[in-house]
Amino acid sequence: LGGDEGTFVGGVRARRIGVMHGDVVRLGRQLAIFVERDLASYAGAIERSGDLVHGPKQRRDWIEPVLDLVRSGSSVCIEGPPGVGKRTLAKLAAALRESAGEVVTIDGSAEVKPTTAAAPGARPMTWVVFDADRLPRPVKLEIAHSIGRSSGVVIIATTSQPLDRATGDGHVAPWFASLFSGKRVTIPALEARREDMPAIVRDIADRRGIALERITPEFLEALVRAGWPGGVPQLEATLVAASEASPEGALSIDGVAGSLARATRLKPSLPPSADPALARARLEDALARANG
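Residue positions are given per chain, counting from 1 as you read along its sequence in written order. Local features in a predicted model are, by the rule used here, given only for residues with pLDDT of at least 70; side-chain atom pairs are given and counted only at 80 or more, and totals for whole chains, interfaces and linings are based on all residues. Excluded from the side-chain calculation are hydrogens and water; included are all heavy atoms of the structure.

Q: I'd like a description of the sheet that holds strand β2 (residues 12-13), backed by residues and values.
A: DSSP calls a pair of strands paired once it identifies at least 2 bridges connecting them. What counts as a helix is a DSSP run of H or I of at least four residues, what counts as a strand is a run of E of at least two, and both are numbered from the N terminus. Spatially, 4 strands are ordered β2-β1-β3-β4 in an open sheet, and the strand pairing comes out antiparallel. Both edges of this open sheet fall to β2 and β4 (30-33), since each of them pairs with a single strand only. Both strand β3 (residues 24-27) and β4 contribute to a ladder of 4 bridges, which runs antiparallel. Its bridge partner lying in β4, Leu 27 is registered against Gln 30. Only heavy atoms matter for contacts: two residues are in contact if any of them lie within 4.5 Å across the pair. All axes here are fitted lines through C-alpha atoms, helices being fitted over the stretch that makes contact, and every angle between N-to-C directions spans 0 to 180 degrees. Of the strands in this sheet, β1 (7-9), β3 and β4 are in contact with helix α7 (residues 217-225), which crosses β3 at around 170 degrees.

Q: Residue-level account of the packing of helix α6 (residues 197-208) against α7, with values.
A: Two elements in contact, α6 and α7, have axes separated by 10 Å at closest approach and are oriented at 115 degrees. What the angle tells us is that α6 and α7 run roughly perpendicular. Here the hand of the crossing between α6 and α7 comes out right-handed. Contact residues: α6 offers Met 197, Pro 198 and Val 201, while α7 offers Leu 220, Leu 223 and Val 224. Basically, the charged four are Asp, Glu, Lys and Arg, the nonpolar ten are Ala, Val, Leu, Ile, Met, Phe, Trp, Tyr, Cys and Pro, and anything else, Gly included, counts as polar. Grouping the amino acids of the contact of α6 with α7 by side-chain chemistry returns 6 nonpolar, no polar and no charged. Any angle from 65 to 115 degrees is called roughly perpendicular, while one under 35 is roughly parallel, one over 145 is roughly antiparallel, and all others are oblique. Handedness of a crossing follows from how the near helix is turned relative to the far one, being left-handed for an anticlockwise turn of less than a right angle and right-handed for a clockwise one.

Q: Describe in detail unusual backbone geometry, supporting the description with residues and values.
A: Even without a glycine there, the phi angle at Asp 131 is positive, about 50 degrees. Here Asp 131 lies in the loop between β9 (126-130) and α3 (137-149). Only protein chains enter the accessibility calculation, which uses a 1.4 Å probe; a residue is then buried when its area is under 20% of its type maximum, exposed when over 50%, and partly exposed in between. The buried category is assigned to Asp 131, whose relative accessible area is 12%. For Ser 181, which is not glycine, the phi dihedral falls at a positive 50 degrees.

Q: I'd love a proper account of the environment of Asp 68, names of residues and values included.
A: Note on placement: Asp 68 falls in helix α1 (residues 56-71). Judged by relative accessible area, Asp 68 falls into the partly exposed class, the value being 40%. For Asp 68 and Ser 146, which are 78 residues apart along the polypeptide, the C-alpha to C-alpha distance reads 23 Å.

Q: Please provide a residue-by-residue account of the nonpolar core, values included.
A: Counting residues in hydrophobic clusters, the biggest one holds 22 residues, and the most contacted among them are Val 201, Ile 215, Phe 219, Leu 223, Trp 228, Leu 235 and Leu 239. Contributing elements (two or more residues each) for this core: α6, α7 and α8 (231-245). Here this core gets 6 residues from one element, more than from any other, and that element is α6. Look past the residues within four positions of Leu 223 in its chain and what remains in contact with it is Met 197, Val 201, Trp 228, Leu 235, Leu 239 and Leu 260. Residue types Ala, Val, Leu, Ile, Met, Phe, Trp, Tyr and Cys, when buried and joined through side-chain atoms within 4.5 Å, form a set referred to as a nonpolar core.

Q: A description of α1 should follow, citing residues and the corresponding values.
A: A bend of about 40 degrees at Ile 63 is the largest found in α1, and the proline Pro 65 appears one to four places after it. Taken together, the buried positions of α1 are occupied by Lys 57, Gln 58, Trp 62, Ile 63, Val 66, Leu 67, Leu 69 and Val 70. One or two positions beyond α1, positive phi appears at Gly 73, with a value near 85 degrees. Working definition for bend: take the seven residues up to and ending at a residue and the seven starting at it, fit an axis to each, and measure the angle between the axes.

Q: Any details on the pattern of salt bridges? Residues and values, ideally.
A: Should a side-chain nitrogen of Lys or Arg be within 4 Å of a carboxyl oxygen of Asp or Glu, the pair is scored as a salt bridge. Enumeration according to the criterion identifies 19 salt bridges in this entry. For Arg 26, the salt bridge identified is with Glu 218, shortest N-O distance 3.6 Å. With Arg 26 in strand β3 and Glu 218 in helix α7, this residue pair connects regions lying 192 residues apart in the sequence. By relative accessible area, Glu 218 is classed as partly exposed at 35%. With a closest N to O distance of 2.7 Å, Glu 221 and Arg 26 form a salt bridge. With Glu 221 in helix α7 and Arg 26 in strand β3, the pair connects residues that are 195 residues apart, well separated along the chain.

Pasting the structure below:
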């Protein structure tokens, strides 16, 4: 746009370049995420739900659906990669059930063999099962039997892979998957939630005592563009490492470049368009890029 500091798309300085949904654009000192359509769903303040930092689109897409299901007394499976907030959301949902009766939490990823930990004779009304795809079959069976003995019992489970895939691979028995009656909510990876990344970085900086003025637009852009297979914990470790490597002044990406995984080449997928004009425009653009 004629600024002295230039315009960058995906880290590449350019005067004229095509952009796609999810592209990271830096206009001088301002960072932006390009949204192809449905911009109104992104509009609004960044919020905090418990320990979850999110925008309005995330609350609409996967936070409220989980909370609404639990409020209505339905079981739900929360799917998603590591470190995206599945456990935090499961705990938020479980808090809505405390008045209904005992809440029992089981961690399938624990080093020690998990047990149901329910008091003898107790009939928990809410089961919170972390990493259900790693939970031993006997524990799953005990949970299923407990549900069969009482009415109104809810399971809030998390899995690190889609439930149908976990069932097909034998990590989850079909009878256990059937307890959710098809009610599944997926939390996307950080690279598909790039509009949330600046707020998450700010939250980490506040908690870790890192001055915001040390985070330059270039440094923030590198964090937003990177892929984070380990989720927020990996992002936090990288930010802290950069702060410790440069105790004074602006944070440098050089010392933590090895921690920045390359983001997937696939763009975050858009929902199907009902607008023929937009579908036509996207098709014409694809043909132009491929020389017809």
